[in-house]
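What the coordinates show
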Amino acid sequence: MEQTPNVQIEESWKLALAGEFASPYFAGIKKFLVETMSAGHKVYPPGSLIFNAFNKTPFDRVKVVILGQDPYHNPGEAMGLSFSVPRGIKIPPSLVNIYKEIRSELGYEIPAHGDLSSWAEQGVLMLNAMLTVEAGKPASHQKIGWQTFTDAVIRTISDKKEGVVFMLWGNFARSKKPLIDQARHFVLEAAHPSPLAGNAFQGCGHFARANEILSGQGLEPVNWKIE
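Source: prediction; values computed, not measured. (Residues numbered from 1 in each chain as written. Predicted model: local features only at pLDDT ≥ 70, side-chain atom pairs only at ≥ 80, totals over all residues. Heavy atoms only, no water.)

**So, the side chain of His206**
- Topologically, His206 is positioned in helix 9 (residues 206–216).
- Since its relative accessible area comes to 3%, His206 is described here as buried.
- A distance of 2.9 Å separates a polar atom in the side chain of His206 from a polar atom in the side chain of Trp169.
- Setting aside chain neighbours within four positions, we find His206 in contact with Glu105, Met167, Trp169, Leu188, Glu189 and Ala190. (Helix = DSSP H or I, 4+ residues; strand = E, 2+ residues; numbered from the N terminus. Buried < 20%, exposed > 50% of the residue type's maximum accessible area, 1.4 Å probe, protein only. Polar contact = N/O pair within 3.5 Å; in protein donor to acceptor, adjacent residues only side chain to side chain. Contact = heavy atoms within 4.5 Å.)

The following block contains the structure:
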């Protein structure tokens with residue numbers, strides 16, 4: 001898919017995932033998306049942002065992984081980073097709850113926008129398990145091969161890096177735990193920040209804890225404050 005117009009992926013990821021990009025299943029993903037769009041169906045995020053998480057967070061800079069499930073399926077929302085929306089788009093309820101937790105832990109005020117690019121640029125890989133979705137149809141691309149790809153991403157991080165903090169929120173994210181070598185990495189688990197989970201996410205302490213773990217390894221902590 002890195003050959004598709006407007007779709008590019010950062011070089012260190014291209015190298016780390018070369019086997020995946022060359023695989024038959026990945027060719028199948030590309031074929032599905034081309035046919036879907038050729039048939040007039042709108043797909044989110046736009047092609048240039050499908051690999052935004054990878055392009056903003058090169059493989060050699062990954063120190064935290066926040067795992068989401070599906071891109072937002074409403075116009076203008078999906079930007080290729082889990083939980084993030086562009087400036088000018090209403091902040092989704094799950095992200096509001098994430099901001100509330102950060103305020104509770106670290107005292108930062110809730111920002112006026114939902115663009116989390118500054119986290120990605122500090123080494124927080126904001127990975128959705130599915131990288132595309134059809135407009136208005138949540139989970140519509142759940143079975144086209146993306147999970148094979150993103151499972152490989154998680155395994156590759158687990159195998160080739162040390163001391164990464166994985167934040168697994170909700171049952172779906174927790175189901176990816178067997179892909180992570182917990183002798184080499186740190187896994188933080190909590191309820192999903194969605195309002196559907198009640199207030200179970202609140203009080204998880206993940207943002208302060210992640211910074212404690214990073215500092216303990218001599219790494220720069222993440223500035224979770226969104227300007």
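**Describing the packing of helix 3 (residues 24–38) against helix 7 (residues 146–160)**
- Taken N-terminus to C-terminus, the directions of helix 3 and helix 7 make an angle of 135 degrees; their axes are 9 Å apart at the nearest point. When the axes of helix 3 and helix 7 are compared, the pair comes out oblique. Seen along the crossing, helix 3 lies across helix 7 with a hand that is left-handed. The residues of helix 7 that touch helix 3, namely those facing Tyr25, Phe26, Ile29 and Leu33, are Trp146, Thr148 and Phe149.
- Partitioning the contact of helix 3 with helix 7 into residue classes produces 6 nonpolar, 1 polar and no charged. (Axes fitted to C-alpha atoms, helices over the stretch in contact; angles between N-to-C directions. Parallel < 35°, antiparallel > 145°, perpendicular 65-115°, else oblique. Left-handed = near helix turned anticlockwise from the far one by under 90°. Nonpolar A, V, L, I, M, F, W, Y, C, P; charged D, E, K, R; others polar.)

**So, the pattern of salt bridges**
- Per the counting criterion, the structure on display carries 9 salt bridges.
- Notably, a salt bridge pairs Glu189 with Arg174, separated by 3.2 Å at the nearest N-O pair. Note that Glu189 is positioned in strand 6 (residues 186–190) and Arg174 in helix 8 (residues 170–174), a separation of 15 residues in sequence.
- The exposure class assigned to Glu189 is partly exposed, which follows from its relative accessible area of 33%.
- Measuring nitrogen to oxygen at the nearest pair gives 3.2 Å for the salt bridge that ties Glu212 to Arg209. A residue pair is termed a helical-turn pair when its members lie 3 or 4 positions apart in one helix, as Glu212 and Arg209 do in helix 9 at 3 residues.
- The exposure class assigned to Arg209 is partly exposed, which follows from its relative accessible area of 38%.
- Sharing partners across several salt bridges, the network here consists of Arg174, Lys177 and Glu189. (Salt bridge = Lys/Arg side-chain N within 4 Å of Asp/Glu carboxyl O.)

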